[in-house]
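Geometric and topological summary
The lines below spell out each chain.
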Amino acid sequence: KLGPLSGSEAPRLPRDPVGMRQQLQEELEEVRARLQPYMAEAHELVGWNLEGLRQQLKPYTMDLMEQVALRVQELQEKLRVVGEDTKAQLLGGVGEARALLQELQSRVVQHTGRFKELFHPYAESLVSGIGRHVQELHRSVAPHAPASPARLSRCVQVLSRKLTLKAKALHARIQQNLDQLREELSRAFAGTGAEQGAGPDPEMLSEEVRQKLEAFRQDTYLQIAAFTRAIDQETEEVQQQLAPPPPGHSAFAPEFGQMDSDKALSKLQA
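I will try to describe carefully the structure that is included in this document. (Residues numbered from 1 in each chain as written. Predicted model: local features only at pLDDT ≥ 70, side-chain atom pairs only at ≥ 80, totals over all residues. Heavy atoms only, no water.)

A few points about the overall build of the protein
Keep this limit in mind: To qualify as a helix, a DSSP run of H or I must reach at least 4 residues; to qualify as a strand, a run of E must reach at least 2; elements of each kind are numbered from the N terminus. Throughout, a contact is declared for two residues whenever any of their heavy atoms are within 4.5 Å. Here the open area of atoms and residues is found with the Shrake-Rupley method and a 1.4 Å probe, where only the protein chains shown may cover a residue.
Looking only at helices and strands, the protein features 7 helices and 0 strands. Taken from the N to the C terminus, the helices and strands of the protein come in the order α-α-α-α-α-α-α. Of the contacts formed within the protein by residues at least 6 apart in sequence, a portion of 85% connects residues at least 24 apart. As displayed, the protein has an accessible area near 15,700 Å², and 52% of this comes from carbon and sulfur atoms.

Laid out in structure tokens, this is it:
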């Protein structure tokens, strides 16, 4: 029925615009009904590929969490206070207690700095992985997306930019958390008790260190989990943007009554 429109000279609309409009609406509804299963299938394929992106990025966030747990455990071992040797130093003379606390402060600086250095490659890997997997998503979605190539490209670029910025922000926050942890642990080992003539209670000092390390781990886990939710949210938005228009959308049921003949024909061809 739409065949004649492909000729070199477009025909004029008949004089009965109301009847023509009704006929076009009916025929476009028929076209929409026939296209709907294909568009639904395409949308499902887009969603499947976006879910694949989420699964591809999941190992990166799992690596971040594993590294945090491993390094916190390492710090706990390196800063262990409650032991027969350290307890004897803290409960001994003021000079011995002060020397031990200064040694523990230097350990804090050394090992938190090492933590930051070892963590950096994992954060870089996440950023590069986002760029690579989003481009793979673009290639896999392109044959199925109902949206135009230009719109698909824009959506993918925006998704890549947003996730990259969020990944860099996550890395920066973890680095800030480490700096804060270093300051808090250094204050814990400041040795005020030793200066007053009595060493600090080793049990209390050990518990304070444990609590600060656990607070750092929990806070970092929450930030990584928030980043994972951001991935889900951003990919869900892309899926909605690439979804086919709803049945009542003007792409399926344009209003021809208020157009002139040339515009109506152009709209019908589109």
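A look at the packing of aromatic side chains
We count it as follows: Two aromatic rings from Phe, Tyr or Trp, using only the six-membered ring of Trp, form a pair when their centres are within 6.5 Å; if the ring planes differ by under 30 degrees the pair is stacked, by over 60 it is edge-to-face, and anything between is tilted.
Enumeration according to the criterion identifies 2 aromatic pairs in this entry. Summarising the aromatic geometry, the rings of Phe115 and Phe119 are spaced 6.1 Å apart at their centres and angled 65 degrees between planes, so their arrangement reads as edge-to-face. On the criterion of helical spacing, the pair formed by Phe115 and Phe119 is a turn pair, its members being 4 residues apart in helix α3 (residues 94–141). Pairing Phe115 with Phe216 gives two aromatic rings, centres 5.7 Å apart and planes at 85 degrees, and the pair type is edge-to-face.

Focus: the pattern of salt bridges
Defined as follows: Salt bridges, as used here, are contacts in which a Lys or Arg side-chain nitrogen is within 4 Å of a carboxyl oxygen on Asp or Glu. Partly exposed residues are those whose accessible area sits between 20% and 50% of the maximum for their type, while under 20% is buried and over 50% is exposed, using a 1.4 Å probe and protein chains only.
For the coordinates displayed, the defined rule picks out 12 salt bridges. Among the ionic pairs, Arg107 bridges to Glu103, the shortest N-O distance being 2.6 Å. Here Arg107 pairs with Glu103, and both are found in helix α3, just 4 residues apart, close to one helical turn. The salt bridge involving Glu234 is made with Lys162; its shortest N-O contact spans 3.5 Å. In this pair, Glu234 is assigned in helix α6 (residues 202–241) and Lys162 in helix α4 (residues 149–188), connecting sequence segments 72 residues apart. On the basis of relative accessibility, which here comes to 8%, the residue Glu234 falls in the buried class. Each of Glu51, Arg54 and Asp232 takes part in one network of salt bridges that share partners.

Topic: the side chain of Thr220
With respect to the helices and strands, Thr220 occurs in helix α6. Given a relative accessible area of 0%, Thr220 falls into the buried group. If we ignore the near neighbours within four places in the chain, the residues touching Thr220 are Val68, Ile174 and Asn177.

Details of the nonpolar core
Inclusion rule: Residues enter a nonpolar core if they are buried and are Ala, Val, Leu, Ile, Met, Phe, Trp, Tyr or Cys, with the set joined through side-chain atoms within 4.5 Å.
Of all hydrophobic cores here, the largest spans 42 residues; its most connected members are Leu126, Ile130 and Phe189. If you list the elements that add at least two residues to this core, you get α1 (17–78), α3, α4 and α6. Per-element tally for this core: the top contributor is α4, with 12 residues. Those residues in contact with Leu126 that sit more than four places away from it in its chain are Tyr60, Leu64, Ala167, Leu170 and Phe227.

Re the packing of α4 against α6
Using the following cut-off: Axis geometry follows a simple rule: fit a line to the C-alpha atoms, using only the stretch in contact for helices, then measure angles between N-to-C directions, giving values from 0 to 180 degrees. With respect to orientation, any angle under 35 degrees is reported as roughly parallel, any angle over 145 as roughly antiparallel, any angle of 65 to 115 as roughly perpendicular, and every other angle as oblique. All residues other than Ala, Val, Leu, Ile, Met, Phe, Trp, Tyr, Cys, Pro, Asp, Glu, Lys and Arg, Gly among them, are scored as polar; the first ten of these are nonpolar and the last four charged.
With their axes 10 Å apart at the nearest point, α4 and α6 run at an angle of 175 degrees to one another. Taken together, the axes of α4 and α6 are roughly antiparallel relative to one another. A per-class count over the contact of α4 with α6 returns 19 nonpolar, 5 polar and 10 charged.

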